[in-house]
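# A structural walkthrough
Residues per chain are reported as follows:
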Amino acid sequence: MIRSWFARAILALVGWKSGGWPPDHLPKYVAIGAPHTSNWDVPLLLLFGWLFRMDIRFMLKAEMFRGWRGPLFKWLGGMPIERGQRKNTVQQCIDAFNSSERLILLLSPEGTRSPTQGWKSGFYHIALGAGVPIVCGFLDYGRKQAGFGPAIMPTGNIEADMALFAAFYKEKAGKYPEKFGEVRLIGRDEE
């Protein structure tokens, strides 16, 4: 509760407001964090997570949890992921969903703050493999508004599902709008 009050005060101070509440009725889902064009996105997303009293998890490479940073990142919601040739990040996330009663995994499909040609497909395959919906979370710097939109259950028809995401994010502006890539999936050869 203290974090929620703290977040409300900070967000009011900087002029940000809520644009849609998270789906409390869903115990598990992948939450999209988009557009992701600035380092400021992460603290804003954390503040809105605290405001909404959410227990959000996000992926970080396991090396980030060494030493004093480990407890801090775990407290903030970090989930250690083993990266490497023999480690399947998508499967690690599916396993985390399967072993949890409640899990909100926040992912940025763009994968970077730099301009991209589209979104990486991991978020989609995690949700599809775990049988959980994808909830459209957003930061709209144009309106200074953040929140949640629809929950979309992946059907396996990627083109149709991506059209729904594209329609939702069409009017959302990142801090640097020119860095927000097209809402479409890119293959490994295009990344």
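For the structure, see preceding data.
Below is a short write-up of the structure. This one's a predicted model, so the numbers in the text were calculated from it and none came from an experiment.

How each quantity is defined
The written sequence of each chain sets the order in which its residues are numbered from 1. Reporting of local features is limited, given that this is a predicted model, to residues whose pLDDT is at least 70; pairs of side-chain atoms are given and counted only at 80 or more, and all residues count toward the totals for whole chains, interfaces and linings. Values reported for side chains reflect all heavy atoms of the structure, with hydrogen atoms and water molecules removed beforehand. A run of DSSP states H or I qualifies as a helix once it reaches four residues; a run of E qualifies as a strand once it reaches two. Both are numbered from the N-terminal end. Whether a residue is buried, partly exposed or exposed follows from its accessible area with a 1.4 Å probe, protein chains only, as a fraction of its type maximum: under 20%, in between, or over 50%, in that order. Should any heavy atoms of two residues lie within 4.5 Å, those residues are counted as being in contact. Shrake-Rupley sampling with a 1.4 Å probe provides the accessible areas, and residues are treated as covered by the protein chains on show and by no other component. Working convention for charge: Lys and Arg count positive, Asp and Glu count negative, and His plus the chain ends are omitted. A charged residue contributes its charge at one atom only: NZ of Lys, CZ of Arg, CG of Asp or CD of Glu. Criterion used throughout: strands pair if DSSP finds at least two bridges between them. Residues are said to line a cavity or pocket when one of their atoms sits within 4 Å of a point; the points come from a 1 Å grid over protein atoms alone, cavities being sets where a 1.4 Å probe fits but cannot get out and pockets being open sets with protein on both sides within 12 Å along at least five of seven lines. Grid points are joined across faces, edges and corners, and a volume is the space filled by probe spheres set on the points. Think of a polar contact as two N or O atoms within 3.5 Å of one another; within protein, one of them needs to be a possible hydrogen donor and the other a possible acceptor, and neighboring residues in sequence only count if both atoms come from side chains. Only residues whose relative accessible area exceeds 30% and that form no salt bridge are eligible for patches; like-charged ones are grouped when within 9 Å, while nonpolar side chains (Val, Leu, Ile, Met, Phe, Trp, Tyr) are grouped when within 5 Å. A carboxyl oxygen of Asp or Glu within 4 Å of a side-chain nitrogen of Lys or Arg is what we treat as a salt bridge. For helices, the fitted axis covers only the stretch in contact; all axes are lines through C-alpha atoms, and the angles between them, taken along N-to-C directions, range from 0 to 180 degrees. Oblique is the label for every angle not falling under 35 degrees (roughly parallel), over 145 degrees (roughly antiparallel), or within 65 to 115 degrees (roughly perpendicular). Here a crossing is taken to be left-handed if its near helix is turned anticlockwise relative to the far helix by less than a right angle, and right-handed if that turn runs clockwise. Classification used: nonpolar for Ala, Val, Leu, Ile, Met, Phe, Trp, Tyr, Cys and Pro, charged for Asp, Glu, Lys and Arg, polar for all others including Gly.

Across its full length, the chain carries six helices and seven strands. The order of α-helices and β-strands along the chain, N terminus first, is α-β-β-α-β-α-β-α-β-α-β-β-α. On the principal axes, the C-alpha backbone points of the chain span a range of 45 × 40 × 35 Å. Each of the 191 residues in the chain was classed as buried or not, and the buried ones make up 45%. In the chain, of all internal contacts separated by at least 6 residues, the share reaching a separation of at least 24 is 70%. For the chain, the accessible area works out to roughly 10500 Å², and carbon and sulfur atoms hold 55% of it. Each charge class in the chain was averaged separately, 24 positive and 17 negative side chains, and the resulting centres sit 8 Å apart.

For the rest of this paragraph, the subject is the pairing of strand E3 (residues 56-61). The side chains of a regular strand alternate between the sheet's two faces. Strand direction decides the pairing type here: E3 and strand E5 (residues 103-107), joined by three bridges, are parallel. Looking at the pairing, Phe58 lines up with Leu106 of E5. In the sheet, E3 pairs with strand E4 (residues 78-81) via four bridges, with the strands oriented parallel. The residue bridging Leu60 from the neighbouring strand is Pro80, located in E4.

With that out of the way, let us pick up empty space enclosed by the protein. Counting across every chain of the model gives one cavity of 30 Å³ or more. Approximately 90 Å³ is the volume attributed to the largest cavity. In terms of lining residues, the largest cavity is bounded by Ile32, Leu45, Phe48, Gly49, Phe52, Ile56, Leu106, Gly137, Phe138, Ala146, Gly147 and Phe148. The set of elements that each furnish at least two residues to the lining of the largest cavity consists of helix H2 (41-51), strand E6 (134-140) and strand E7 (145-152).

This part takes up the side chain of Asp161. Its place among the elements puts Asp161 in helix H6 (residues 158-169). Note on Asp161: relative accessible area 4%, which makes it buried. A polar side-chain atom of Asp161 sits 2.8 Å from the main-chain amide nitrogen of Thr155. Residue contacts for Asp161: discarding those within four places in its chain leaves Tyr124, Met153, Pro154, Thr155 and Gly156.

Below, the discussion takes up a nonpolar patch on the surface. A surface patch of nonpolar side chains, amounting to about 410 Å² of accessible area, comprises Met1, Ile2 and Trp5. With respect to the element layout, Ile2 can be found in helix H1 (residues 2-14). On the accessibility criterion, Ile2 (67% relative accessible area) is exposed.

So, on to the packing of helix H5 (residues 122-130) against H6. At a minimum axis separation of 12 Å, H5 and H6 run at an interaxial angle of 115°. In terms of orientation, H5 and H6 fall into the roughly perpendicular class. In the packing of H5 onto H6, the handedness of the crossing is right-handed. The residues of H6 that touch H5, namely those facing Phe123, Tyr124 and His125, are Ile158, Asp161, Met162 and Phe165. Per-class residue counts for the contact of H5 with H6 are five nonpolar, one polar and one charged.

So, about the layout of surface pockets. Here the second largest pocket defines a volume of roughly 240 Å³. If you go around the second largest pocket, you meet 16 residues; those closest to its centre are Pro27, Asp55, Arg102, Leu103 and Ile104. Residues of the lining of the second largest pocket, tallied by class, amount to ten nonpolar, one polar and five charged.

Turning our attention to the sheet that holds E3. In space, the seven strands of this open sheet follow the order E1-E7-E6-E2-E5-E3-E4, with mixed pairing throughout. Two strands bound the open sheet, and with one partner strand each, they are strand E1 (17-18) and E4. In this structure, E1 lies alongside E7, joined through two bridges in parallel fashion. If you follow Lys17 over to E7, its bridge partner there is Gln145. Each of E1, E3, E5, E6 and E7 is contacted by H2, which is oriented at about 120° to E6, the strand it contacts most. Seen against the sheet, helix H3 (residues 69-76) touches E3 and E4 and runs at an angle of roughly 145° to E3.

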